[in-house]
Amino acid sequence: MSEQDYSHELQAVQPLLEEYKEVELSLADPEVLGDRAKSRKLAKRFSELGAIKAVADRFTQALGDLQAAEEMAELDESFADELPKMRTALDEAHDKLVRTLIPRDPSDADDVILEIKAGEGGEESALFAADLARMYTRYAETKNWKVKELSSTPTGLGGLKEISLSIASKGNVAPEDGVWAHLKFEGGVHRVQRVPVTESQGRVHTSAAGVIVVPEVEDDDEEIEIDQNDLRIDVYRSSGPGGQSVNTTDSAVRITHIPTGIVVSMQNEKSQIQNREAAMRVLKARLIQQAKEEREAEEAAVRQSQVRTVDRSERIRTYNFPENRIADHRTGYKAYNLSTVLDGELGPVIESAIVMDEQSRMDAAGNQED
């Protein structure tokens, strides 16, 4: 395969490599280093681009090695023996690059809030919810993530009516290594089939628990940029109680944020500059709160779509204890190692969902190109 065959990928990755250099320079800027929120965002982006650069470097190295070997093989046939292995290495590097360039979920590198709620099945469902909480906690330990319990409602037999966990990576990570990138597929109804501890006749029962996963946004990420072109600023003369003039200059300021219609008026300060600064602080706070409310509404929609009802029929996965079997009904994954999965070995199950998602994104990207 010639270099021309890879022109599309090489062109697609070039802007990202240039952005990598720009972000690297920005992170060395003392002004940026003094801005905690900005430097953290840039560090996160630098980590994301660094992962892309590593894949691109591997690909270009493999391509260069193959081209050099092909030239040498024309002069010395002994080099031809190495060509099949080098073509395989290039194909693997190319496949990795293609997958890396697929548009990703922008939240992939984010931490998550994971909630588990007992559903139908009474105490058995609560015991299963506790099993799931332990499974996710142990899985997080294998990924070197931090887990913090935010709230829980235990039952008398050691089960959980509900539990909320904060699961976070340590430091900045590449999107494909992010907590959300892995756990976003866990949202839905999980069904268990086993003999409950409360069952005296040894009969297998079916119950369920619901899992809800949402990306977690830190407070410092609430920084918002206000486009000055979106503002209408009016100045007028301040007035006191009963219409009494406070001063004889147009020091009062009214700022209208045109896209949202939010209006902030400020006249308490003595100068127009001070009133404008105060008004901008208030406007920014209101815009941040509005963005937060909109995000919470979106997250509520995500929660509702993940678990409409914690009903046994609406399941994404079944945990069958008598057969030691776990089955994911979305991806078709099935294995007979349930005990180890519940002990935190969840990787292959999640990987099946990641592969399915990657294929879906590749298909969508291909359709857009067509």
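Our subject is the structure that appears above.
All values reported here derive from a predicted model rather than from experimental measurement. Every chain is numbered independently, its residues counted from 1 as its sequence is written. Only residues with pLDDT of at least 70 are given local features in this predicted model, and only at 80 or more are side-chain atom pairs given and counted; all residues enter the totals for whole chains, interfaces and linings. Computation of side-chain values: all heavy atoms of the structure, hydrogens and water removed.

Visitor: So, the pattern of salt bridges: which residues are in play, and what are the values?
Guide: We define a salt bridge as a side-chain nitrogen of Lys or Arg found within 4 Å of a carboxyl oxygen belonging to Asp or Glu. A complete count under the given rule lists 17 salt bridges for this structure. Notably, a salt bridge pairs Arg325 with Glu323, separated by 2.7 Å at the nearest N-O pair. Buried means the residue's accessible area, taken with a 1.4 Å probe over protein chains only, is under 20% of the maximum for its type, while exposed means over 50%, and partly exposed covers the values in between. Owing to a relative accessible area of 14%, Arg325 belongs among the buried residues under this scheme. In the salt-bridge network here, residues are joined through shared partners; they are Glu124, Asp131, Arg134 and Arg194.

Visitor: An account of the nonpolar core is needed here, citing residue identities and associated values.
Guide: Ile116, Leu132, Tyr136, Ile167, Leu183 and Tyr319 are the most contacted members of the largest nonpolar core, which totals 37 residues. Helix and strand definitions follow DSSP, with helices as H or I runs of at least four residues and strands as E runs of at least two, each counted in order from the N terminus. The set of elements that each furnish at least two residues to this core consists of strand S1 (111-118), helix H5 (123-142), strand S3 (160-168), helix H6 (179-183), strand S5 (205-216), helix H8 (338-342) and helix H9 (347-369). Sorting elements by how many residues they give to this core places H5 first, with 9 residues. For this analysis, residues touch if any pair of their heavy atoms sits within 4.5 Å. Dropping the residues within four chain positions of it, Tyr319 is found in contact with Phe128, Leu132, Met135, His190, Arg191, Val192, Gln193, Arg325, Ile326, Leu338 and Leu342. Here, nonpolar core means buried Ala, Val, Leu, Ile, Met, Phe, Trp, Tyr and Cys residues that are tied together by side-chain atoms lying within 4.5 Å of each other. Membership of the second largest hydrophobic core comes to 22 residues, among which are Tyr20, Phe59, Leu83 and Ala93.

Visitor: Report on a negative patch on the surface, specifying residues and quantitative values.
Guide: On the surface, Glu293, Glu294, Glu296 and Glu298 cluster together to form a negatively charged patch. Classification of Glu294 as partly exposed rests on a relative accessible area of 47%. Note on patches: the residues involved have over 30% relative accessible area and no salt bridge, like charges join within 9 Å, and the nonpolar side chains Val, Leu, Ile, Met, Phe, Trp and Tyr join within 5 Å. Using the Shrake-Rupley algorithm and a 1.4 Å probe, accessible areas are obtained, with residue cover drawn only from the displayed protein chains. When charges are tallied, Lys and Arg are placed among the positive residues and Asp and Glu among the negative ones, while His and the ends of the chain are skipped. One atom stands in for each charge, and that atom is NZ of Lys, CZ of Arg, CG of Asp or CD of Glu.

Visitor: Please give an account of unusual backbone geometry that cites residues and values.
Guide: The phi dihedral of Asn144 is positive, around 60°, even though this residue is not glycine. Mapping Asn144 onto the fold places it in the loop between H5 and strand S2 (146-154). Under the relative-accessibility criterion, Asn144 is labelled partly exposed at 48%. Non-glycine residue Asn324 carries a positive phi angle of around 50°. Within the secondary structure, Asn324 sits in the loop between strand S9 (317-320) and strand S10 (325-328).

Visitor: Before we move on, could you go through the packing of helix H1 (residues 7-27) against helix H3 (residues 36-75) and cite the residues and values that matter?
Guide: For helices, the axis comes from a line fit to the C-alpha atoms of the stretch in contact; other axes are also lines fit to C-alpha atoms, and the angle between any two N-to-C directions lies between 0 and 180 degrees. Two elements in contact, H1 and H3, have axes whose closest approach is 9 Å; the angle formed by their N-to-C orientations is 140°. Taken together, H1 and H3 sit at an angle that is classed as oblique. Here the hand of the crossing between H1 and H3 comes out left-handed. Contact residues: Leu10, Val13, Leu16, Leu17, Glu19, Tyr20, Val23, Glu24, Ser26 and Leu27 in H1; Ser39, Leu42, Ala43, Arg45, Phe46, Leu49, Gly50, Ile52, Lys53, Ala56, Phe59 and Thr60 in H3. Residues are grouped as follows: Ala, Val, Leu, Ile, Met, Phe, Trp, Tyr, Cys and Pro are nonpolar; Asp, Glu, Lys and Arg are charged; every other residue, Gly included, is polar. Here the contact of H1 with H3 is composed, by residue class, of 14 nonpolar, 4 polar and 4 charged. For classification purposes, angles smaller than 35 degrees are called roughly parallel, those larger than 145 roughly antiparallel, those between 65 and 115 roughly perpendicular, and all remaining angles oblique. When the near helix sits turned anticlockwise from the far one by under a right angle, the crossing is termed left-handed; a clockwise turn instead gives a right-handed crossing.

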